[in-house]
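One-letter residues, chain by chain:
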Amino acid sequence: MAERPQPLNGETAARVLVAGASGFAGALAAEIVWHHPRLELREATSRSDAGMRISDLYPRYRADTVMNELDVDAVEECEAAIVAYPHRASAPVVAALRELGLLVVDLSADFRLRDPYVYREWYGELAAPELLGEAVYGLTELYRDRIREAELIANPGCYPTATVLGLAPLAAAGLIDDVVVDAKSGVSGAGRGGGDRLSFAALTENASPYGVGGHRHEPEIAQELGALAAGEAPPLTFVPHLLPLDQGELVSCYVRPSRPIEADEVKELYAERYAGERFVEVVDRPPGVRDVRDTNRCLIHVDRDAGGRILVFSAIDNLWKGAAGQAVQNLNLMLGLDEGEGLE
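Residues numbered from 1 in each chain as written. Predicted model: local features only at pLDDT ≥ 70, side-chain atom pairs only at ≥ 80, totals over all residues. Heavy atoms only, no water.

Asker: Is there a simple way to explain the overall build of the protein chain in this structure?
Answerer: A tally of regular secondary structure across the protein chain gives 10 helices and 13 strands. Computed over its C-alpha atoms, the radius of gyration of the protein chain comes to 20 Å, within 12% of the 20 Å expected for a compact globule of 344 residues. C-alpha atoms of the protein chain, sized along the principal axes, occupy 65 × 45 × 40 Å. Looking at the protein chain as a whole, 54% of its 344 residues are labelled buried. The contacts in the protein chain between residues at least 6 apart in sequence include a share of 70% that link residues at least 24 apart. Accessible surface, the protein chain as shown: approximately 14,300 Å² in total, 48% of it carbon and sulfur. Across the protein chain, the mean location of the 32 positive side-chain charges is 3 Å away from that of the 54 negative side-chain charges. (Helix = DSSP H or I, 4+ residues; strand = E, 2+ residues; numbered from the N terminus. Rg over C-alpha atoms; globule rule 2.2 N^0.38 Å. Buried < 20%, exposed > 50% of the residue type's maximum accessible area, 1.4 Å probe, protein only. Contact = heavy atoms within 4.5 Å. Areas by Shrake-Rupley, 256 points an atom, 1.4 Å probe, with all protein chains shown as cover. Lys, Arg positive; Asp, Glu negative; His and termini not counted. Charge placed at Lys NZ, Arg CZ, Asp CG, Glu CD.)

Laid out in structure tokens, this is it:
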């Protein structure tokens, strides 16, 4: 069966490569680009599923394009790329694409941590250290102006996206004395190669913490909270949990404030910070993961308990705002497009 033509509408802004299109985030990125009115999905690649259509591998997606093995020399016609490789495998590909002049949004952790020593502690040796200073951390609502001028974006992890958006107003106001983050995610956050702990028998009617005592997203969260506070990150306890869901993420944050603060003041702080944001909404009740499924939205609810702690609940779809959706949001900005184009 021949490929259906991509439903473009208007002048093409960029021809896009999606590398690693057979993974959960890569396949969704290809799907979003496929239906984007101004982005042409010129090439989708896979090491494990070359020769397959994305729509055959994932029937729910309608990106009707055949995946090929990545040949960097054959992508010179592209102007932009979304790279959805695992950490350490991603950096050499990103470096090669940057050599060709492509704008790149990287979904791995390879360029998220600004301190190379912190990266080595959690991931090992940097594969392309020369690009570390070039990369802009792609949490759109915090770094929008820098993203517009960037040529390489380090797309945030899903847990840091939900957590930092949830805590940003408090961190920027210097209101976090310490924080406990109780995070819960669907199994797609672990990728297609999650191993035995992602088997149906292990997951069904079950919920379990993992990465206890040190999850790789913890230094990323600390980095961004510290940057918002213009100093050292507040003490942070971060514990993720796996839920028997395919996708979706809920982060519950329990903050001891640096001074007594009433619930109304906290709510006003959040309303002011996120007024006018396209994809972040402050809501009147705690959100659930179903509220954001298959959207690029982050829903945040904030309150204060009787003991004076601030309670923040932040929900995203880990594959959308936590990965592929945010990647396209960032790519839109890099190309001078409306950041919500193709996402609403």
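And the narrative resumes.
Asker: What is the right way to look at the sheet that holds strand E5 (residues 136-137) in this model?
Answerer: Through backbone hydrogen bonds, the strands of a sheet pair up, either in parallel or in antiparallel fashion. Across the sheet, which stays open at both edges, the 6 strands sit in the order E2-E1-E3-E4-E6-E5 with parallel pairing between neighbours. For this open sheet the edge positions go to strand E2 (39-45) and E5, each flanked by a neighbour on one side alone. Note: strand E1 (residues 14-19) against strand E3 (residues 80-83), 4 bridges, orientation parallel. Within E3, the residue paired with Val18 across the bridge is Ile82. (Pairing = 2+ DSSP bridges.)

Asker: Could you clarify how one ought to interpret the environment of Gly124 in this entry?
Answerer: Structurally, the position occupied by Gly124 is in the loop between helix H4 (116-123) and E5. Sequence-wise, Gly124 and Glu141 are 17 residues apart; in three dimensions their C-alpha atoms are separated by 29 Å. When residues no more than four places from it in sequence are discounted, the contact partners of Gly124 are Arg88 and Tyr119.

Asker: Is there a simple way to think about the side chain of Glu339 in this case?
Answerer: For Glu339, the position within the fold is in the segment after helix H10 (320-334). Ignoring any residue separated from it by four or fewer positions in sequence, one finds Glu339 in contact with Thr140, Arg144, Phe279, Gln329, Asn332 and Leu333.

Asker: Looking at this model, I keep getting lost on the pattern of salt bridges. Mind explaining?
Answerer: Once their charged atoms are close, side chains differing in charge can pair, the charge on each being opposite to the other. Using the criterion set out here, one finds 27 salt bridges in the structure. With a shortest N-O distance of 2.9 Å, Asp145 and Arg148 are connected by a salt bridge. One end of the pair is Asp145 and the other is Arg148, both in helix H5 (residues 140-149) and 3 residues apart, which spans about a single turn. A relative accessible area of 38% means that Arg148 is categorised as partly exposed. Salt bridges linked by common partners bring Arg60, Asp246, Arg293 and Asp294 together as one network. (Salt bridge = Lys/Arg side-chain N within 4 Å of Asp/Glu carboxyl O.)

Asker: Just to check I follow, could you spell out the pairing of strand E9 (residues 236-242) for this structure?
Answerer: The side chains of a regular strand alternate between both faces of the sheet. Of all the 7 residues making up E9, 5 are buried; the element is thus mostly covered by neighbouring parts of the structure. Alignment of strand E7 (residues 176-185) against E9, held across 7 bridges, turns out to be parallel. The residue of E9 that forms the bridge with Val179 is Leu236. The sheet contact formed by strand E8 (residues 208-209) and E9 spans 2 bridges and is antiparallel. What sits directly across from Pro209, in E9, is His241.

Asker: Just to check I follow, could you spell out the packing of aromatic side chains for this structure?
Answerer: The description of an aromatic ring pair rests on the distance of the ring centres and on the angle between the ring planes. As enumerated under the stated definition, the model contains 6 aromatic pairs in all. A centroid spacing of 6.5 Å and a plane angle of 50 degrees characterise the contact between Tyr270 and Tyr274, whose relative ring orientation is tilted. Relative accessible area serves as the criterion here: at 0%, Tyr270 is assigned to the buried category. Counting every residue linked through ring pairs, the aromatic cluster contains Phe24, Tyr58 and Tyr61. The ring of Tyr117 carries the charged tip of Arg120 above its face, separated from the ring centre by 5.3 Å. (Phe/Tyr/Trp six-rings, centres within 6.5 Å; stacked < 30°, edge-to-face > 60°. Lys NZ or Arg CZ within 6 Å of the ring centre and 35° of its normal.)

Asker: For this particular structure, what's the right way to read the sheet that holds strand E11 (residues 280-282)?
Answerer: Taken together, the 7 strands give an open sheet; going across it, the order is E8-E9-E7-E10-E13-E12-E11, and neighbouring strands pair in mixed fashion. Where the open sheet ends on each side, the last strands, each with one partner, are E8 and E11.

Asker: Please explain the environment of Tyr119 as it appears in this structure.
Answerer: Checked against the element boundaries, Tyr119 lands in helix H4. With 101 residues separating them along the chain, Tyr119 and Glu220 place their C-alpha atoms 9.6 Å apart. Discounting residues that sit within four places of it in the chain, Tyr119 has contacts with His87, Arg88, Ala109, Asp110, Leu113, Gly124, Glu125 and Leu126.

Asker: Mind showing me how you'd approach the pairing of E7 here?
Answerer: For E7, the buried fraction is high: 7 of the 10 residues fall into the buried class. Across 9 bridges, the pairing between E7 and strand E10 (residues 249-257) is antiparallel. In the strand pairing of E10, Asp182 is matched with Ser252.

Asker: Explain the side chain of Asp64 here, please?
Answerer: Checked against the element boundaries, Asp64 lands in the loop between helix H2 (54-57) and E3. A polar side-chain atom of Asp64 sits 3.1 Å from a polar atom in the side chain of Arg53. Within polar-contact distance, the side chain of Asp64 engages the side chain of Ser55 at 3.3 Å. (Polar contact = N/O pair within 3.5 Å; in protein donor to acceptor, adjacent residues only side chain to side chain.)

Asker: How do you make sense of the state of the cysteines when you look at a structure like this?
Answerer: Every disulfide links exactly two cysteines, by a covalent bond between their sulfur atoms. Evaluated as defined, the whole model comprises 0 disulfides. In this structure Cys298 is not part of a disulfide, and its nearest cysteine sulfur, from Cys253, lies 10 Å away. (Disulfide = S-S within 2.5 Å.)

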